Structure formats: structure tokens, C-alpha cells
Amino acid sequence: MVMGPTHAVSGAAAGLAGAGATAASLGDRQNPGELAVYTAVCAGSALLPDLDCSGAVLKNKGGATVARTFGVVSLFVAEVVEKFALLVYRLTSTRHDEKRTNGHRTLTHTWLFNILLGFGVGALCEHFGKPVVVGILFFTFGLAVRGLMADVARKSGWILITALAAAAAGLAILTLPADRGYPLLGLAVGAGGVIHTLGDMITRHGCPVIWPIIWRRQRWWEFGVPDAFAVKVDGWFERVILLPALVIIGFAATAWMVPEVRQLVDSAVTLASSG
Ligand SMILES: [Zn+2]
């Protein structure tokens, strides 16, 4: 897996680029508040698949960084997700699939799972509107912050993250219009998950993305780039090329969609060229 920040930033960039593409093709620009919500949800969802990496719940130890987002609560959720994923793996694997004792990087790392999750979230948002949006924002914003702060987050970091996520949710309650559904939020969740699998696939670990389709007699065949081209986790390519490129894509998309940011960039360019 690539680093948490790369997962989170790739989700944010994809969310912003997707919103930009939607705005360009439909002429329907989101307001900055909605844009911020979609970006945060997509960034957090790009960490969601790793909620299948549990630790020792009773000892409050171990687990993927994201599994520790909301302390022992999310650690417990991760435990349940991992066991369920392992069950699905065992029920659907062919005799050519490897034997596994842990569900990490199985069900939640398939495209079908993330697409269905996106549709489910979209349906809930469409039906119940703002309360569901706020709940999803709370959860995914927490994941996004945890992913970005992976290096600095300490053992008690979850209290700060939970508070930040609650603040973001509170802001959304105050600012988002209540008289409409938010079906596009499902798209943000599904896209974030798929982006995560792409991030994992460029490292030495593959993902069983086309499950349940059988490939080379395995239903859980792990697709990824050949080892010779694989990105080294936390290596120079990820730090010097990939992460900055994603930040630039996200920033360019933001400038394209938010007139105030575009004006700021324009005047900065004019200033630079005249000075
Ligand atoms: Zn992963």
C-alpha cells in the first residue's frame, strides 16, 4: 500500500477533477461548500478499503492507520470487516486461490464492492438527504485527516481527529441546503474506493479488483504492475513525483471551479509577469 497521505490526496484530486469534469460537461458548478464536502468524502473514501486491517481490539493496539481513526471503536469495526471479508473469501475462492487466515486486501479491495457501496450511499443520500450526508462526512473526514496525519498521529490522536470530524460535520449542518438529496455523494464514495485499489496496485501488492470474475483459475487473482515497475512505498517517486502531481491536479481543478481561486491565480500570474 502507498502511504496514507498519497491515498487521501489521490482521492481528493480525483474528487476535484471529477467535479471539474461534471461542471465542464453539464455547466453545473458546485458551490464551494458542496465542493469541499465532495472532496473530503472522496479523500476519506480513498482510505476506506483499509478498514479491513484490524489489530488487537482488546489491547487497543495494531490495525491499519485508518482503523485507528476513531480509537477502539473503528478498531472494532475493522475487526468485523476483516472477519466478514475473510468469510466471503473462503466461501467464494476456487481451489487455486491461496489459503488465507486474514481478510485484509480482499473484499473491500474489489471494484464490485466499492461500486455497490457507492450505489448504497447514493441511495441513502437521495432518500434521507442531509442527515446521511452529515454522517458520511463525519466518518470520511475523520479517515481523510487520519490518512494525512499518519506520521504525526499519536496514540491519543483519535480524540483530536474525532473532534475535527465533528467540527466539519457541524459546519456542513449549518451550511448545506436541506431541501435536496445528494446522490453524487455515492459517486464520491465509490470513486474514492476504486482510487485506493489503483494506489495499492502500483506498489508490489496487487488487488483482486475483478472479483468475482475468475482469472487464471482464481477468483481472487491479485492484479498489479510487474515488480520491476512497482512504486516503492514512501520512496522518491511517491514523494517527489506522485504526491506533488496529485496536489497540482487538485489545485488546478479547484481553480477551474471556484471563481475566487481562479481570480487569485490570475492576479498572481499577472503580478509575476509584470514584476
Ligand atoms: Zn489497501
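Coordinates for the structure precede this section.
So, how was this worked out
Residues numbered from 1 in each chain as written. Predicted model: local features only at pLDDT ≥ 70, side-chain atom pairs only at ≥ 80, totals over all residues. Heavy atoms only, no water. Helix = DSSP H or I, 4+ residues; strand = E, 2+ residues; numbered from the N terminus. Contact = heavy atoms within 4.5 Å. Donors = N, O, S within 2.8 Å, 3.2 Å for Na, K, Ca; no water. Tetrahedral: all angles 85-135°; square planar, octahedral: opposite > 155°, others 65-115°. Buried < 20%, exposed > 50% of the residue type's maximum accessible area, 1.4 Å probe, protein only. Axes fitted to C-alpha atoms, helices over the stretch in contact; angles between N-to-C directions. Left-handed = near helix turned anticlockwise from the far one by under 90°. Nonpolar A, V, L, I, M, F, W, Y, C, P; charged D, E, K, R; others polar.

Trainee: Can you tell me about the environment of Val261, naming the residues and giving the values?
Mentor: Take Val261: it is sitting in helix α9 (residues 259-274). Distance from Val261 to Ala67, taken between C-alpha atoms, is 35 Å for residues 194 residues apart in sequence. Once you skip the residues sitting within four places of it in the chain, Val261 turns out to touch Phe251, Thr254 and Ala255.

Trainee: How would you sum up the coordination of the zinc ion? Please name residues and give values.
Mentor: For a metal with four donors in a tetrahedral arrangement, the ideal angle between donors is 109.5 degrees, while six donors in an octahedron ideally sit at 90 or 180 degrees. For the zinc ion, the protein coordination sphere consists of Asp50 (OD), His109 (NE2), His196 (NE2) and Asp200 (OD), at 2.1 to 2.3 Å. Considering all four donor atoms around the zinc ion, angles at the metal cover 89 to 170° and the coordination shape is irregular.

Trainee: Talk me through unusual backbone geometry; I want residue IDs and the actual numbers.
Mentor: The residue after Trp211, namely Pro212, is reached through a cis peptide bond having omega 5°. Structurally, the position occupied by Pro212 is in the loop between α7 (184-201) and α8 (236-257). Of note in this structure, Arg105 is not a glycine but carries a positive phi near 60°. Turning to its location among the elements, Arg105 is positioned in the loop between α3 (72-92) and α4 (111-128). Since its relative accessible area comes to 10%, Arg105 is described here as buried. If you check the backbone angles, Arg216 has positive phi at about 50° while not being a glycine.

Trainee: Residues and numbers for the packing of helix α5 (residues 130-148) against helix α6 (residues 157-175), please.
Mentor: Relative to each other, α5 and α6 sit at 145°, their axes nearing to 8 Å. Two packed elements cross with a definite hand, and for α5 against α6 that hand is right-handed. Counting all contacts with α5, which are made through Lys130, Val134, Leu137, Phe138, Phe141, Gly142, Val145 and Arg146, the residues of α6 involved are Gly157, Trp158, Ile161, Thr162, Leu164, Ala165, Ala166, Ala168, Ala169, Ala172 and Ile173. Residues belonging to the contact of α5 with α6 are distributed by class as follows: 14 nonpolar, three polar and two charged.

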